[in-house]
Amino acid sequence: MSDDTLSFLLSGPDDTAGRARQLARRLSPGDVILLSGDVGAGKTHFARALITELLDHPEDIPSPTFTLVQTYDTASSAIWHADLYRLTSTHEIEELGLIDAFHDAICLVEWPDRLGPLAPADALEISLSPGTEEDSRRLTAEWSGGDWAEKLAAWRK
């Protein structure tokens, strides 16, 4: 495995949420995380745990499946959580304002394949897939550019 790829076997939902919380503590405005995986792979569960860790005050974290984007404000950054599953055109993405948010918010994007050429080159790409045991997941993180190697050094453990 190269220096720009990490892979973890997650034992279940609690382990998935724990990894998300660990990652949350390393994020800063302008960080974009692209979450891929089949329906039910755990993308929204991962995103909810990460967002909850970053919030100043606990609040409900609904899935953005129907609203397309949910935003949250914290003392240090805005957080954008997008689910692009229902989109059919990159023009729709531009109308959401998501591209501007990539520059100054922490962004979590489910179904990032819908971004096409609008996907940031320096995003952290996380893929979730079924593991070998019931409820387990394989998390694979890949990146090129940005300061992800430095941010994820402690996440490797």
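It should be emphasised that the depicted structure is a prediction, and the values quoted were computed from it without experimental measurement.

Analysis parameters
Residues numbered from 1 in each chain as written. Predicted model: local features only at pLDDT ≥ 70, side-chain atom pairs only at ≥ 80, totals over all residues. Heavy atoms only, no water. Helix = DSSP H or I, 4+ residues; strand = E, 2+ residues; numbered from the N terminus. Expected span 1.5 Å × (residues − 1). Buried < 20%, exposed > 50% of the residue type's maximum accessible area, 1.4 Å probe, protein only. Contact = heavy atoms within 4.5 Å. Core = buried A, V, L, I, M, F, W, Y, C linked by side-chain atoms within 4.5 Å. Salt bridge = Lys/Arg side-chain N within 4 Å of Asp/Glu carboxyl O.

**Looking at helix 1 (residues 13–24)**
For step 1, the next point in the chain: Taking 1.5 Å of rise per residue, the twelve residues of helix 1 would be expected to cover 16 Å, and the 16 Å separating its terminal C-alpha atoms lies within 8% of that figure.
For step 2, the next point in the chain: Within the sequence span of helix 1, burial applies to Thr16, Ala17, Gly18, Arg19, Ala20, Leu23 and Ala24.
For step 3, the next point in the chain: Those residues of helix 1 that are buried lie in contact with strand 1 (5–10), strand 2 (32–36), helix 2 (43–54), strand 6 (124–130), strand 7 (137–142) and helix 5 (148–152).

**Notes on the nonpolar core**
Most often, soluble globular proteins keep nonpolar side chains buried together rather than apart.
For step 1, the next point in the chain: Membership of the largest hydrophobic core comes to 32 residues, with the highest contact counts inside it found for Leu23, Ile33, Phe46, Leu50, Ile126 and Trp155.
For step 2, the next point in the chain: When residues of this core are traced back to their parent elements, those giving at least two are strand 1, helix 1, strand 2, helix 2, strand 5 (105–110), strand 6, strand 7 and helix 5.
For step 3, the next point in the chain: With six residues, helix 2 is the largest single contributor of residues to this core.
For step 4, the next point in the chain: In this structure Ile126 touches Leu23, Ile33, Leu34, Leu35, Ser36, Phe46, Leu139, Thr140, Ala141 and Trp155, once residues within four positions along its chain are discounted.
For step 5, the next point in the chain: The next biggest cluster of nonpolar side chains, apart from the first, holds 18 residues, and it includes Ala82, Leu87, Ala101 and Ala123.

**A few points about the environment of Ala105**
For step 1, the next point in the chain: Among the secondary structure elements, Ala105 is positioned in strand 5.
For step 2, the next point in the chain: On the basis of relative accessible area, Ala105 is assigned to the buried category, the value being 1%.
For step 3, the next point in the chain: When the C-alpha positions of Ala105 and Ser76 are compared, they lie 9.4 Å apart, and in sequence the two are 29 residues distant.
For step 4, the next point in the chain: Excluding residues within four positions of it along the chain, Ala105 makes contact with Pro29, Gly30, Asp31, Ser77, Ala78 and Trp80.

**Describing helix 2**
For step 1, the next point in the chain: With twelve residues, helix 2 extends 17 Å from end C-alpha to end C-alpha; this agrees with the ideal 16 Å at 1.5 Å per step.
For step 2, the next point in the chain: Of the residues making up helix 2, those classed as buried are Lys43, Thr44, Phe46, Ala47, Ala49, Leu50, Ile51 and Leu54.

**Details of the pattern of salt bridges**
For step 1, the next point in the chain: Counting across every chain of the model gives four salt bridges.
For step 2, the next point in the chain: Measuring nitrogen to oxygen at the nearest pair gives 2.4 Å for the salt bridge that ties Lys151 to Asp31. You can see Lys151 sitting in helix 5 and its partner Asp31 sitting in the loop between helix 1 and strand 2, a full 120 residues away along the chain. With respect to burial, Lys151 and Asp31 carry one shared label: buried.
For step 3, the next point in the chain: Note that Asp113 and Arg114 form a salt bridge whose closest N and O atoms lie 2.8 Å from each other.
For step 4, the next point in the chain: Residue classification places Asp113 among the exposed positions, given a relative accessible area of 53%.
For step 5, the next point in the chain: Given the relative accessible area of 24%, Arg114 is considered partly exposed.
For step 6, the next point in the chain: The network of salt bridges with shared partners includes Asp31, Asp147 and Lys151.

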